[in-house]
Amino acid sequence: IVLNKANLCDFDNSLWFFVCQGFNDSRTACCGLGEFGGAASCFPLIDSLCSNASNHVFWDYVHPTSAAYHMIARRLWDGSVDDILPFNLRQLSLLV
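Rules behind the numbers
- Residues numbered from 1 in each chain as written.
- Predicted model: local features only at pLDDT ≥ 70, side-chain atom pairs only at ≥ 80, totals over all residues.
- Heavy atoms only, no water.
- Helix = DSSP H or I, 4+ residues; strand = E, 2+ residues; numbered from the N terminus.
- Areas by Shrake-Rupley, 256 points an atom, 1.4 Å probe, with all protein chains shown as cover.
- Core = buried A, V, L, I, M, F, W, Y, C linked by side-chain atoms within 4.5 Å.
- Buried < 20%, exposed > 50% of the residue type's maximum accessible area, 1.4 Å probe, protein only.
- Contact = heavy atoms within 4.5 Å.
- Patch = residues over 30% accessible without salt bridge, like charges linked within 9 Å, V, L, I, M, F, W, Y side chains within 5 Å.
- Salt bridge = Lys/Arg side-chain N within 4 Å of Asp/Glu carboxyl O.
- Disulfide = S-S within 2.5 Å.
- Lys, Arg positive; Asp, Glu negative; His and termini not counted.
- Polar contact = N/O pair within 3.5 Å; in protein donor to acceptor, adjacent residues only side chain to side chain.

Chemist: How would you explain the overall build of the chain if you had to name every residue and give the values?
Modeler: Each helix and strand counted, the chain has three helices and two strands in total. Put simply, the chain runs from its N terminus to its C terminus through helices and strands in the order β-α-α-β-α. Only carbon and sulfur atoms are counted for the fraction: they give 60% of the accessible area of the chain, which is about 6,400 Å².

Rendered as structure tokens:
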């Protein structure tokens, strides 16, 4: 099973177009230092946190938020061939 690369968009717009749909902020990490919160890892005692992590794709410079993971998991489980092919994980589980 592979992710359909037709759904990926270029880095200038966002990472993983299918993930970024519905998020208010797909470029700035919820926690981190530097431009876009991507210069260093998150130190919650030092760094300021965003007010609503579910609006962000990224928690820190590399880790998606739980909302982004949830959207990824839904698309992997029930997604169409536009998301994942040759079939999604639900269809794969029925083959066993």
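Chemist: Give me the lowdown on the nonpolar core, citing residues and values where you can.
Modeler: Nonpolar side chains in soluble globular proteins tend to end up buried together. Residues Phe23, Ala29, Val57, Phe58, Ala68 and Met71 constitute the largest nonpolar core, which totals six residues. In this structure, Ala29 is in contact with Phe36, Gly37, His56, Phe58, Trp59, Asp60 and Tyr61, ignoring residues within four places of it in sequence.

Chemist: Which residues make up a nonpolar patch on the surface, and what are the values?
Modeler: Residues Trp77, Leu89, Leu92 and Leu95 make up a contiguous nonpolar surface patch of about 350 Å² in total accessible area. Turning to its location among the elements, Trp77 is positioned in helix 2 (residues 66–78).

Chemist: Tell me about the environment of Arg27, and name the residues and values.
Modeler: Along the chain, the position of Arg27 falls in the loop between helix 1 (17–20) and helix 2. Under the relative-accessibility criterion, Arg27 is labelled partly exposed at 46%. Between the C-alpha atom of Arg27 and that of Gly37, which follows or precedes it by 10 residues, the distance is 8.8 Å.

Chemist: Break down unusual backbone geometry for me, citing the residues and quoting the values.
Modeler: Cis peptide bonds are those with omega within 30 degrees of zero, and the linkage from Leu85 to Pro86 qualifies with 10°. Note on placement: Pro86 falls in the loop between strand 2 (84–85) and helix 3 (89–94). Even without glycine at this site, Phe36 takes up a positive phi of about 65°. Here Phe36 shows up in the loop between helix 1 and helix 2. Using a relative accessible area of 36% as the deciding quantity, one classes Phe36 as partly exposed.

Chemist: Would you mind going over the state of the cysteines in detail, with residue names and values included?
Modeler: Evaluated as defined, the whole model comprises two disulfides. Between Cys30 and Cys50 runs a disulfide, and the two sulfur atoms are separated by 1.7 Å. In this structure the cystine formed by Cys30 and Cys50 twists about its S-S bond by roughly -80°; its chirality is therefore left-handed. In this pair, Cys30 sits in the loop between helix 1 and helix 2 while Cys50 sits in the loop between helix 1 and helix 2, placing the two residues 20 residues apart along the sequence.

Chemist: Lay out the environment of Pro64 with the relevant residues and their values.
Modeler: Take Pro64: it is sitting in the loop between helix 1 and helix 2. Here Pro64 falls in the buried class, since its relative accessible area comes to 10%. Each C-alpha atom, one on Pro64 and one on Cys30, is 9.5 Å from the other, the two residues being 34 residues apart in sequence.

Chemist: I'd like a rundown of the side chain of Asp25, residues and numbers included.
Modeler: Summarising the element assignment, Asp25 is placed in the loop between helix 1 and helix 2. Here Asp25 is buried and forms no salt bridge, its nearest opposite-charge partner Arg27 lying at an N-O distance of 6.8 Å. A distance of 3.0 Å separates a polar side-chain atom of Asp25 from the backbone nitrogen of Arg27. The residues touching Asp25, leaving out its near neighbours within four places in the chain, are Asn55, His56 and Val57.

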